[in-house]
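Coordinate inspection notes
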Amino acid sequence: MKDQYVADIGDYGKYALLREFACNGIKVGVNWYLTEDDDSSDGSIRKYLFNDKNGIGTLDPELYHKLQLINAKGDRKSIVDIKDSGIIPKAIYYSDMIDSNGNPYERKTKREDWFLKSLKPLDKADLIFLDPDNGLLTNGGAGKRNAEKYVLLDEIEQYFKGIFGQRHNVVYYCHKGRRKQEAWMRYMMCMSRLLPEARSIILTYHKGTQRSYVFLIHDGDYDNYRRIIDSFLERWERIFTEEKLN
């Protein structure tokens, strides 16, 4: 996640989904996986906030209005505005930026320290949302160059299993990029293979670039989460769809 992405059309879908859980009594925790802004045009799709010809703003008018207000701040907007706006009711956040400087050993050490610092503030969450720039890193670890743009396999495992505290349900962001469909499905199923005890649900958002949200749910929470997601999908038909895994 970068500050430059705030209020992009991807944010609208992302926060609408998380709000659905928060409004149904699920305590949401957010780890931004915050990285420094860059000179790219990523995260710049905001026309929907000025010309809602498709009526997407009617699906969650409160969220839509709050993002309009945040977007009006221009280059001064940041993730702090998301937190302060109360967009996700009663959510808790971990906002430390990932430091990607140094050699592989230094990057690995700093990443491990960064992750361990996230455990305490997020421990009271029922559902932890992980928001990296790109998605899941499946071939390499914390010392790899550009690893700051990804969530790591062991980080998801630690949140899910609660190795150092309470166990959590987890949802993480990933985008399709240039992957062909077969490779995309393998990629999204990676964590369900690593955590066979987790119940998986994958939702894809179809506005802007294609992006998905991979849920890893403990068995005892599955029925409630399934109910919440089904209700959400009914209202957001064709904008969000569920990926059916083989």
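No experiment lies behind these values; they were computed from the predicted model shown.

1. Some remarks on unusual backbone geometry
- One non-glycine residue, lysine 90, lies in the positive phi region at around 60°.
- Accessibility expressed as a relative area gives 71% for lysine 90, which makes it exposed.
- With a phi close to 75°, arginine 238 is a non-glycine residue in the positive phi region.
- With relative accessibility at 65%, the residue arginine 238 sits in the exposed group.

2. Section: the pattern of salt bridges
- Here the structure, examined in full by the defined rule, presents 19 salt bridges.
- For arginine 238, the salt bridge identified is with glutamate 237, shortest N-O distance 3.7 Å.
- Where salt bridges share partners, they join Arg19, Asp60, Glu62 and Lys66 into one cluster.

3. Brief notes about the packing of helix α1 (residues 9-22) against helix α2 (residues 61-71)
- Put simply, α1 and α2 touch, their axes get as near as 10 Å, and they point 135° apart. Relative to α2, α1 is oriented oblique. Of the two possible hands of crossing, α1 and α2 adopt the one that is right-handed. Touching Asp11, Tyr12, Tyr15, Ala16 and Arg19 of α1 are Glu62, Leu63, Tyr64 and Leu67, all from α2.
- Residue classes in the contact of α1 with α2 are distributed as six nonpolar, no polar and three charged.

4. Structural notes on the environment of isoleucine 87
- Along the chain, isoleucine 87 falls in the loop between α3 (79-85) and β2 (92-94).
- Judged by relative accessible area, which is 0%, isoleucine 87 ranks as buried.
- Separated by 72 residues in sequence, isoleucine 87 and tyrosine 15 have C-alpha atoms that sit 7.2 Å apart.
- Isoleucine 87 has contacts with Tyr15, Arg19, Leu63, Lys66, Leu67, Ile70 and Ile82, leaving out every residue within four places of it along the chain.

5. Quick notes on the pairing of strand β7 (residues 199-205)
- With five of seven residues buried, β7 is to be regarded as a mostly interior element.
- For β7 and strand β8 (residues 211-217), the ladder comprises seven bridges, and the chain directions are antiparallel. Paired with tyrosine 205 across the two strands is arginine 211, which belongs to β8.
- The antiparallel hairpin formed by β7 and β8 contains five residues in its connecting segment, where glycine 208 sits at a positive phi of about 75°.
- The pairing of β7 with strand β9 (residues 240-243) spans four bridges and is classified as antiparallel. Across the sheet, leucine 203 pairs through a bridge with glutamate 242, a residue of β9.

6. Structural notes on the side chain of serine 212
- By the secondary structure assignment, serine 212 is in strand β8.
- At a separation of 2.5 Å, a polar atom in the side chain of serine 212 contacts the side chain of threonine 204.
- Setting aside residues no more than four positions away along its own chain, serine 212 makes contact with Tyr172, Tyr173, Cys174, Trp184, Met188, Ile202, Leu203, Thr204 and Glu243.

7. Things to note about the sheet that holds strand β1 (residues 28-31)
- The sheet built from seven strands is open, its strands ordered β2-β1-β3-β6-β8-β7-β9 with mixed pairing. This sheet does not close on itself; its edge strands, each paired only once, are β2 and β9. Between one strand axis and the next, the sheet turns by 20° as a mean value, whatever way the strands run.
- Of the strand pairs in this sheet, strand β3 (residues 127-130) and strand β6 (residues 169-175) are connected by four bridges, and their pairing is parallel. Bridge pairing in β6 places isoleucine 128 opposite valine 170.
- Those strands touched by helix α5 (residues 153-161) are β1, β3, β6 and β8, and its axis lies near 155° from that of β6.

Conventions and cut-offs
Residues numbered from 1 in each chain as written. Predicted model: local features only at pLDDT ≥ 70, side-chain atom pairs only at ≥ 80, totals over all residues. Heavy atoms only, no water. Buried < 20%, exposed > 50% of the residue type's maximum accessible area, 1.4 Å probe, protein only. Salt bridge = Lys/Arg side-chain N within 4 Å of Asp/Glu carboxyl O. Axes fitted to C-alpha atoms, helices over the stretch in contact; angles between N-to-C directions. Helix = DSSP H or I, 4+ residues; strand = E, 2+ residues; numbered from the N terminus. Parallel < 35°, antiparallel > 145°, perpendicular 65-115°, else oblique. Left-handed = near helix turned anticlockwise from the far one by under 90°. Contact = heavy atoms within 4.5 Å. Nonpolar A, V, L, I, M, F, W, Y, C, P; charged D, E, K, R; others polar. Pairing = 2+ DSSP bridges. Polar contact = N/O pair within 3.5 Å; in protein donor to acceptor, adjacent residues only side chain to side chain.

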